[in-house]
Amino acid sequence: AVSKIVRVENVEFAKEAWVRLKVDKEIALAEGKSGEIDLSLVEIDFNTEDWTAREEDGVTWYYYNKMLEVGGKTTALFEEVEFSPRTGNMYQGAEVTITVTAQAVQAKNNGSSALDAAGWSET
């Protein structure tokens, strides 16, 4: 397992915010290696107590279940990334990239939770 702690801190907004995150996994095989890449071999144990997953148009977003106060931090969405024991020789020397996209919208007068909020970016 590799330590990768993902959380959000409200330092940009001057207001309370609703927050959501998107996580993308990518595997680049080492030079000379080929085959069909299985992204499920990169395992992430998501915090489902404080975050709610919802799929929208084929994309899974993780919504923080609490309003993020000014200067506040979320709990971690996840804290480590593991590589499945099923990972074969094709993945020797491969490079794994985890990209996290964060979005926030004003919480005041904008729904009772992040799931109800309006104004999320399309990207």
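For the structure, check the block above.
Undergrad: Break down the pattern of salt bridges for me, citing the residues and quoting the values.
TA: Summed over the entire model, instances satisfying the criterion amount to four salt bridges. Salt-bridge contacts for E56 lead to R20; the nearest nitrogen and oxygen are separated by 3.3 Å. Taken together, the positions of E56 in strand β4 (residues 51–56) and R20 in strand β2 (residues 17–28) put the pair 36 residues apart, joining distant regions of the chain. For E56, a relative accessible area of 24% translates into the label partly exposed. A relative accessible area of 4% places R20 in the buried class. Ionic pairing is found between R54 and E56, a salt bridge with its closest N-O pair at 3.0 Å. It is possible to trace a salt-bridge network through shared partners that takes in R20, R54 and E56.

Undergrad: Talk me through the nonpolar core; I want residue IDs and the actual numbers.
TA: If you look at the biggest cluster of nonpolar residues, it comprises 17 residues, and the most contacted ones within it are V19, L21, V23, W51, L77 and F78. Residue assignment for this core shows that the elements contributing at least two residues are β2, β3 (42–44), β5 (59–64) and β6 (78–83). Among the elements that line this core, the one with the most residues is β2, at four residues. Beyond its immediate stretch of four places on either side in the chain, V23 contacts I44, F46, Y62, L77, F78, I98, T99 and V100.

Calculation notes
Residues numbered from 1 in each chain as written. Predicted model: local features only at pLDDT ≥ 70, side-chain atom pairs only at ≥ 80, totals over all residues. Heavy atoms only, no water. Salt bridge = Lys/Arg side-chain N within 4 Å of Asp/Glu carboxyl O. Helix = DSSP H or I, 4+ residues; strand = E, 2+ residues; numbered from the N terminus. Buried < 20%, exposed > 50% of the residue type's maximum accessible area, 1.4 Å probe, protein only. Core = buried A, V, L, I, M, F, W, Y, C linked by side-chain atoms within 4.5 Å. Contact = heavy atoms within 4.5 Å.

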